[in-house]
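# Working through the structure, step by step
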Amino acid sequence: MLAEERRQKIVDLLQANKRVIAKDLAEMFGISIDSVRRDLTIMEEQGLLQKTYGGAVPLLQVRTLPQPESLRYGEGAPHQNAISRHAASIIHANDTVFIGGAGIQYGMLKYLPKEIPFTVVTNSLKIADRIRSLRNIDCYLIGGKLRPEPSAGTMIDTLAIEMIRKFTLDICFITGGGIAANGISTATPEGAAFTHALSEVSRRKICLAPHEKIGVRMFVTSIPIERIDTLITDLEAPRQVIREIESRDVRVIYADKDEDMECDRDEVP
């Protein structure tokens, strides 16, 4: 089989299965893993796919609407929980941290430290309602105009922006609809403006970035990627985009859902 025919077959498999595994492709085509990796690298450069740890996935489609509450605040996928767990482990005694209303931020709640005192600032009614019963946490709720479904309970208007600027935060845990080498982006100018204001009052900016959001660019960029200190992602994150992000002096940490551990990029096989 010619290389062009093999790559077309990979495209067909991606369309049918939504992902391919390098080891399986090597067995299917009777070639080495290195040859498969070269194919995937070439196809990524051609804009045909996104490489991941051990394989590839199709190019991601941008979501323009937030998920309904029943999905956003569900149990969470294993790779998302791994990111949330590692994010929560970063919190130290007496820190003041921001946790927003995205699903992966909500996922942090079950992993928050219970033995140390700290403070949470949030613009999410859902987050505040869950945290207020925890005795070791002081919680401050950012006010503003309530938004309609599916974003009800998260304040991002001018009142919220004005209020967040009154705080000084040790850590802000942020995310976005898209995380790419040019920055973090979202669907609305209001959301982007709130994230920008949040970054200005935070000593450390930590981005929670599940692989399905890596490489996506949405309508409005909130902050350039250079303003992020650390990006926490999972092993399926597209490597080309991650390399571009790392080139901007952003530390990238991979949270491993299978081994219940976290590792820097250099430690990933």
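For the structure, see preceding data.
Residues numbered from 1 in each chain as written. Predicted model: local features only at pLDDT ≥ 70, side-chain atom pairs only at ≥ 80, totals over all residues. Heavy atoms only, no water.

The next point concerns unusual backbone geometry. Within the chain, Lys18 stands out as a residue other than glycine whose phi angle is a positive 70°. Note on placement: Lys18 falls in the loop between helix H1 (3-17) and strand E1 (20-21). Here Asp249, not a glycine, exhibits a phi torsion of approximately 65°, which is positive. Looking at where Asp249 falls in the secondary structure, it is placed in the loop between helix H10 (239-246) and strand E13 (251-256). (Helix = DSSP H or I, 4+ residues; strand = E, 2+ residues; numbered from the N terminus.)

Another aspect to go through is the packing of aromatic side chains. As enumerated under the stated definition, the model contains two aromatic pairs in all. Residues Tyr140 and Phe167 carry aromatic rings whose centres are separated by 6.0 Å and whose planes lie at 65° to one another, so their mutual orientation is edge-to-face. Pair noted here: Tyr140 is in strand E6 (residues 137-141) and Phe167 is in the loop between helix H8 (158-164) and strand E7 (169-174), with a separation of 27 residues, a long-range link. Positioned above the aromatic ring of Tyr111 is the side chain of Arg85, whose terminal nitrogen or guanidinium carbon lies 5.9 Å from the ring centre. (Phe/Tyr/Trp six-rings, centres within 6.5 Å; stacked < 30°, edge-to-face > 60°. Lys NZ or Arg CZ within 6 Å of the ring centre and 35° of its normal.)

Further remarks concern the pairing of E13. Where burial is concerned, most of E13 is hidden: five out of the six residues are buried. Note: strand E12 (residues 230-234) against E13, five bridges, orientation parallel. In the strand pairing of E13, Thr230 is matched with Arg251. As for the winding sense of the linkage, the β-α-β connection from E12 through H10 to E13 is right-handed. (Buried < 20%, exposed > 50% of the residue type's maximum accessible area, 1.4 Å probe, protein only. Pairing = 2+ DSSP bridges. Right-handed = clockwise from strand over helix to strand, strands pointing away.)

This part covers the sheet that holds strand E9 (residues 183-186). The strand order across the open sheet built from three strands is E8-E9-E11, with neighbouring strands paired in antiparallel fashion. Two strands lie at the open edges of the sheet, namely strand E8 (178-180) and strand E11 (220-223), each paired on one side alone. Neighbour-to-neighbour, the strand axes of the sheet open up by a mean angle of 35°, direction not taken into account. Direction of pairing for E8 relative to E9: antiparallel, over a ladder of three bridges. Across the sheet, Ala180 pairs through a bridge with Gly183, a residue of E9. Packing against the sheet, helix H9 (residues 189-200) makes contact with E9 and E11, and its axis sits at approximately 10° to E11. (Axes fitted to C-alpha atoms, helices over the stretch in contact; angles between N-to-C directions. Contact = heavy atoms within 4.5 Å.)

This part takes up the nonpolar core. Ranked by internal contacts, the top residues of the largest apolar core, which has 33 residues, are Ile164, Ile179 and Leu231. Those elements giving two or more residues to this core turn out to be H8, E7, H9, H10 and E13. Look past the residues within four positions of Leu231 in its chain and what remains in contact with it is Ile179, Cys207, Ala209, Ile214, Ile225, Ile242, Ile245, Val250, Arg251, Val252 and Ile253. Counting 25 residues, the second-largest nonpolar core is a separate cluster that includes Phe118, Ile127, Ile206 and Ile232. (Core = buried A, V, L, I, M, F, W, Y, C linked by side-chain atoms within 4.5 Å.)

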